[in-house]
Amino acid sequence: MNPPYYPVSDFGPMMKGMVIGGLGIVHVFLAMFAIGGGLLMCYFQWLAQTGRSPNARRFVDGYFKALVLISFVVGAVTGVAMWFVSIQVSPRTIGMMVEEFHWVWGIEWTFFSLEITAGYCFYRCSARLPDRDRLLLLGIYSAASWFSLFWINGILTWQLTPGDWSRTREVWSGFFNPGFLPSLLFRTVTAMTVASLAACVVINTMADLDRAARKALINKAAHFLFPMAAMPFLSAWYFGTMPEDSRRMVFGGSIVMTLFMGLATGASLLIGLYAGFALLLKRLYINGATATLLVALSFAATAGGEFVREGVRKPYTVREALYSTSVAPEEVTRLRAEGCVARDPYPLRDAANYPNDQVRLGAKVFRFHCNVCHTMDGANALRHLAGDWTPVQRRMNIAQLQRTKTFMPPFSGTPEELEALVRLIEWATAGRPREWPVSTDREDWPEGRRRIRAWLDEAGVAPGFLKPGERR
Amino acid sequence: MDAPFPSGLPFPTAAYLVLYLVTLWVHIAFMNYVLAGSATLAAGLVVGGRAAKEHPICALLRDWMPFMLSAAITAGIAPLLFLQVLYKEQFYTANLLLFFRWMAILPALILGFYLGYLLKKEPAPGRGRGGRIALGIAVFACFAFVGWSWVENHLLSVQPEECWKEHYVSGAHLYASPELLPRLLLWFVAGFPTMALMVGWQLWDRGRRGKGDPADGARAGSAIGLAGVVVSALWAWRYFYLLSDAAQKIVSGPAGRLYLLLSIAGGAIELVAFAALLRRGRWSPGWLALGSAGLVANFVGTGVMNETIRLVTLDGTVGLPLLFARHAASWKVAGFPVFLFFLALNVGLMAFCVRRVRRLPN
Ligand code: HEM
């Protein structure tokens, strides 16, 4: 098979991963708020109707308003946005996910519809509902939202740890993959944490309650912070299910990933410490400003976590089935013989800006093969990364791309395409002059070509985390 | 492609099309409410002033707009899924070509939602009428923009690769097609009968539960519905002649004729129902049910015609055998029975929730 060719858009100086990561964080955070919020409201409704907390019912109504206003539409729209941005970043990846999991996605949608319906019924009628029905609707609402997580979690974890699916290509073995359970539990705990901290903010806005009443509510909300104690264990379990090379990236292999992981861990630890000391032991009051700060910290933790989750899949978007470049591993050999852009029907948008056809070819190769993770001049720019290398170094390191950094895929083009890409980088580094010689016209090109071919062969077509010749 | 749907199509293709269409109809019903409803609200603010503000239809629309928008969005997700199974490459390519302009529908939805909430609130004393009017128009403009985007994306998605290439090289984010405005207008005017029926049911239900009078808004509502049916029928006739020859042939030929007739019959039934409601001057469940049956027939007819047109168009670009093979491959993926099970369970639970709150005293 050939990879399908799509028109590639350019996000300017931003790396595509930054765009999807940024949006993903907002969406995941809102989803966590909704899921944990559902559970928390069930708890408070139960406290209210069993006489354990006199003001809990008022809190439920206040919290639910915030949830409906923020989560129902912005949550849903950012979800659709995730889908649309995924299409922009890698249509073949999202296409493959839809292909494999359309029924699972369909199931998730039925739960989401139930969540919205139960939520609106509660929203419009809660004031007139008897306690029993309030709890029932809240129960349905929160079960439905938790199950949305359940289903989507299977698809997302499959991307990194497809497990037996790699062999069987069977939906359910992909869905219930090794990462499924730890990730589901971890996210549930995160959702409870976010909901609890957001509750502290909401309680502080309930100005008609006196401080003691607010404090009583906050202490109840803090019960949802207890499960954080399981976080270290759950994350260890999750990391245990990760492929070795992905884990290496988090623990030092890629400094960016390590930093983001540090951010997530640090922010969680701070929240955990605050929860442990201030809320649970001393039963302190937590004011609006502090609560907001803690919510911000939980946002930072989510941000770090999401970046790591998106990042450690490299060089794949679906482990061992699809590289980030939208090339399937079994296609690499073919593309090295026939060229990766030979069949790309889309011309360059800015063809006139390049000095010659070789550099134009290089620009097409860049667009196909590097553009998902690099820019030419902006974030993670090739001009900065390889501009100062020697000519030999540039050719060899790109030919052996998967060994230059194991989180890059093997180079999947011909020596001519590689040379063109190198010339593009050199031309851009030289300040984009109008005149630029074509290297494949030179006498020594056959020798250059031979060397590139030899480097390509030496690196092989296997991903870089396997030793040359090693097989799965 | 010369027998009426679904005969002549391989089973997987027909099955995905049915799922797509059924879920799309639900989306369209809510979308019609949002689009035609926000237009009605804006028009009411412009021409009616205070009287329009207190009009039962306007009050109802303002109250329900945020919910109906969530419903339209939620109901849009399922057809979005099946659309990708059916026409992945076309949909993705159109998305990619329109890029930011396509993704602008997301902020537009969020903006429309919050402005809709503002519209629901009582204006601060001393605030002029101008502000309210601007607000009403802005809400409508957000939703009209979203509708325009879907139409534009649809039209671009069925173009041949040559056109995609040209569009890509030009770097344009807008796709201008002579079909664009007429098609958007058709969707827009066809929304009014749907909205009128949904509003009719809501107001009838209020009257029945003693919260209003069954005559509330009946004349205005059925007049809107009636006018909507007439104008959209005339406009559809005009639109037909904008279609490609192949599309015209398929719609009026043996493959499309049945559905063309169904769509016309549905419209005629709606017409009768609205006329009767207008004469009686009050909402009645019998006529509303008849009108709704007409609406369903019209949805089925139009929806199937629309897909038939898409299929002949794509037959001329990528070719149907390729599409059919993809659908067959997707169908091999396990999970359909599980999906059906949860669909039934969750629809049941949704009905349960609604019944639970409907039996409440006021
Ligand atoms: C106020 C909001 C919306 C309005 C006014 C609206 C309007 C429309 C219109 C006019 C069409 C017909 C396009 C055509 O065939 O020419 C359409 C189709 C569609 N809409 Fe919506 N829409 C809205 C929101 C959404 C959302 C949020 C989603 C997704 C979650 C969605 C999913 C779809 C799908 C999948 C189709 C079918 C497209 C096709 O067949 O090519 N809609 N919508």
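Just so you know, these numbers come straight off a predicted model, no measurement behind them. Once a new chain begins, its residue numbering starts again from 1 and follows that chain's sequence as written. Labels follow written order: the first chain is A, the first ligand is 1, and so on. Reporting of local features is limited, given that this is a predicted model, to residues whose pLDDT is at least 70; pairs of side-chain atoms are given and counted only at 80 or more, and all residues count toward the totals for whole chains, interfaces and linings. No hydrogens and no water enter the side-chain calculation; it runs on all heavy atoms of the structure.

Trainee: Can you lay out the side chain of Lys-364 of chain A for me, pointing to particular residues and giving the numbers?
Mentor: Only DSSP runs of H or I reaching four residues or more are called helices, and only runs of E reaching two or more are called strands; each is numbered from the N terminus. Structurally, the position occupied by Lys-364 of chain A is in helix α14 (residues 357–369). Think of it in three bands: with a 1.4 Å probe and only protein chains considered, a residue is buried below 20% of the maximum accessible area for its type, exposed above 50%, and partly exposed in between. Here the positive residues are Lys and Arg and the negative ones are Asp and Glu; neither His nor the chain ends is included. Within this document, salt bridges are pairs made up of a side-chain nitrogen of Lys or Arg and a carboxyl oxygen of Asp or Glu, the two lying within 4 Å of each other. In this structure Lys-364 of chain A is buried but unpaired, with Asp-344 of chain A as the nearest side chain of opposite charge at 5.2 Å.

Trainee: Could you give me a rundown of the interface of chain A and chain B, with the residues and numbers involved?
Mentor: Across the contact, 64 residues belong to chain A and 65 residues belong to chain B. Between chain A and chain B, the buried area comes to about 6200 Å², and carbon and sulfur atoms account for 74% of it. Counting across the interface, chain A meets chain B through four salt bridges. Two N or O atoms count as a polar contact when they lie within 3.5 Å, although within protein this holds only if one can serve as hydrogen donor and the other as acceptor, and sequence-adjacent residues are included solely when both atoms are side-chain atoms. Scanning the region where chain A abuts chain B turns up 17 residue pairs in polar contact (both at pLDDT 80 or more). By definition in these notes, contact holds between two residues if any of their heavy atoms fall within 4.5 Å. Here the quantity called buried area is the accessible surface, traced with a 1.4 Å probe, that two parts lose on coming together, added over both.

Trainee: Can you explain empty space enclosed by the protein? Please cite residues and give values.
Mentor: For cavity detection a 1 Å grid was placed over the protein atoms alone, and a set of points counts as a cavity when a 1.4 Å probe fits there but cannot get out; an open set counts as a pocket when protein lies on both sides within 12 Å along at least five of seven lines, with lining residues being those that have an atom within 4 Å of a point. Grid points are joined across faces, edges and corners, and a volume is the space filled by probe spheres set on the points. Summed over all chains, the structure comprises seven cavities of 30 Å³ or more. Here the largest cavity is characterised by a volume of approximately 740 Å³. Every residue lining the largest cavity is counted, 35 residues in all, and those nearest its centre are Leu-24, His-27, Met-31, Val-146 and Trp-150 of chain B. Counting only elements with at least two residues in the lining of the largest cavity, the list comes to α2 (56–89) of chain A together with α1 (11–54), α2 (56–103), α3 (105–120), α4 (129–157), α6 (180–208) and α10 (285–315) of chain B. With eleven residues, the top contributor of residues to the lining of the largest cavity is α2 of chain B. Along the lines of polarity and charge, the residues of the lining of the largest cavity split into 25 nonpolar, eight polar and two charged. Within this model, the second largest cavity holds a volume of roughly 260 Å³. In this structure, the second largest cavity is lined by 20 residues; those nearest its centre are Val-8, Pro-91, Thr-325, Ser-326 and Phe-368 of chain A. All residues other than Ala, Val, Leu, Ile, Met, Phe, Trp, Tyr, Cys, Pro, Asp, Glu, Lys and Arg, Gly among them, are scored as polar; the first ten of these are nonpolar and the last four charged.

Trainee: Can you break down the coordination of the iron atom of the ligand residue by residue, with the values?
Mentor: Octahedral metal centres with six donors ideally show angles of 90 or 180 degrees, and tetrahedral centres with four donors ideally show 109.5 degrees. Counted as coordinating are nitrogen, oxygen and sulfur atoms within 2.8 Å of the metal, or 3.2 Å for Na, K and Ca, while water is not included, which may make sites look incomplete. Exactly one donor from the protein chain reaches the iron atom of the ligand: His-27 of chain B (NE2), at 2.2 Å. Tracing the backbone through its elements, the reader meets His-27 of chain B in helix α1.

Trainee: Quick one: what's the story with the side chain of Arg-313 of chain A, residue by residue and with numbers?
Mentor: Residue and element names in this part refer to chain A. Locating Arg-313 in the fold gives a position in the loop between α12 (288–311) and β1 (316–318). Here the side chain of Arg-313 touches Glu-310 through a polar contact of 3.1 Å, side chain to side chain. Look past the residues within four positions of Arg-313 in its chain and what remains in contact with it is Leu-156, Gln-159 and Leu-160.

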